[in-house]
Amino acid sequence: AFSILLILILYTWFAEKFVLNFCKEIDSTLETCATEILEEKYSQAMSTVSNLYDSWEDNDILMSILIGDSSVVEPQKSIVAIYMSFKDENYDECLVTIRECQGYVHEIIETNRTSFGNIL
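Residues numbered from 1 in each chain as written. Predicted model: local features only at pLDDT ≥ 70, side-chain atom pairs only at ≥ 80, totals over all residues. Heavy atoms only, no water.

1. Considering helix 3 (residues 69–87)
In this model helix 3 runs 27 Å from its N-terminal to its C-terminal C-alpha over 19 residues, within 8% of the 27 Å that 1.5 Å per residue would give. Within the span of helix 3, buried status applies to Val72, Pro75, Ser78, Ile79, Ile82, Tyr83, Ser85 and Phe86. Residues of helix 3 that are buried make contact with helix 1 (2–38), helix 2 (42–67) and helix 4 (91–112). Once helix 3 ends, the next one or two residues include Glu89, with phi positive near 60 degrees. (Helix = DSSP H or I, 4+ residues; strand = E, 2+ residues; numbered from the N terminus. Expected span 1.5 Å × (residues − 1). Buried < 20%, exposed > 50% of the residue type's maximum accessible area, 1.4 Å probe, protein only. Contact = heavy atoms within 4.5 Å.)

2. A few points about unusual backbone geometry
With a phi close to 60 degrees, Glu40 is a non-glycine residue in the positive phi region. Structurally, Glu40 is set in the loop between helix 1 and helix 2. For Glu40, a relative accessible area of 57% translates into the label exposed.

3. Some points on helix 4
Helix length check: helix 4, at 22 residues, gives a terminal C-alpha distance of 31 Å against a target of 32 Å (1.5 Å per residue), a fit within 8%. Inspection of helix 4 places Tyr91, Cys94, Leu95, Thr97, Ile98, Cys101, Gln102, Val105, Ile108 and Ile109 among the buried residues, and these make up the whole buried set. The arc that holds every buried residue of helix 4, seen down its axis, measures 165 degrees, which confines them to one face. Seen from the buried face of helix 4, the exposed residues on the opposite side, beyond 90 degrees, are Asp92 and Glu107. Looking at the buried positions of helix 4, the neighbouring elements they touch are helix 1, helix 2 and helix 3. (Arc of directions from axis to C-beta.)

4. Focus: the side chain of Thr97
Here Thr97 is to be found in helix 4. Given the relative accessible area of 5%, Thr97 is considered buried. Setting aside chain neighbours within four positions, we find Thr97 in contact with Ser78, Ala81 and Ile82.

5. A word on the pattern of salt bridges
Within the structure shown, the criterion is met by three salt bridges. Salt-bridge contacts for Arg99 lead to Glu31; the nearest nitrogen and oxygen are separated by 2.8 Å. Of the two residues, Arg99 is situated in helix 4 and Glu31 in helix 1; the sequence distance between them amounts to 68 residues. Judged by its relative accessible area of 35%, Glu31 is partly exposed. (Salt bridge = Lys/Arg side-chain N within 4 Å of Asp/Glu carboxyl O.)

6. Observations regarding a nonpolar patch on the surface
A cluster of nonpolar side chains, contributed by Phe2, Leu5, Leu6, Ile9, Leu10, Trp13 and Phe14, occupies part of the molecular surface with about 760 Å² of accessible area. Relative to the assigned elements, Leu6 resides in helix 1. In this structure Leu6 comes out as partly exposed when scored by relative accessible area, which is 41%. (Patch = residues over 30% accessible without salt bridge, like charges linked within 9 Å, V, L, I, M, F, W, Y side chains within 5 Å. Areas by Shrake-Rupley, 256 points an atom, 1.4 Å probe, with all protein chains shown as cover.)

Have a look at this one:
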């Protein structure tokens with residue numbers, strides 16, 4: 001019983017670390033992209049958006065497993081919308097969607113961080 005408990009605790013700790021680190025990375029990338037768009041550095045922003053899209057595509061299945069499909073649906077739709085808006089050169093819409101996506105990412109961070117409120 002102790003071994004199973006230890007395995008569950010380790011799984012929870014590693015899963016939380018991965019989710020929080022990945023979400024912070026996504027949030028940082030979104031902020032960089034927004035800054036580049038505001039500064040009209042569109043070629044750099046395109047590279048950032050592509051990296052964001054690729055990073056999400058590489059990790060969305062693992063995120064779905066760790067935090068559940070319902071938690072990743074909205075950020076996934078937002079990231080695709082950011083990518084498509086940027087390709088269409090609709091920068092204002094892109095900025096709005098970036099801020100929306102940051103809200104979803106912050107919600108994931110708050111709901112997956114170990115805290116007294118989340119334990120109860």
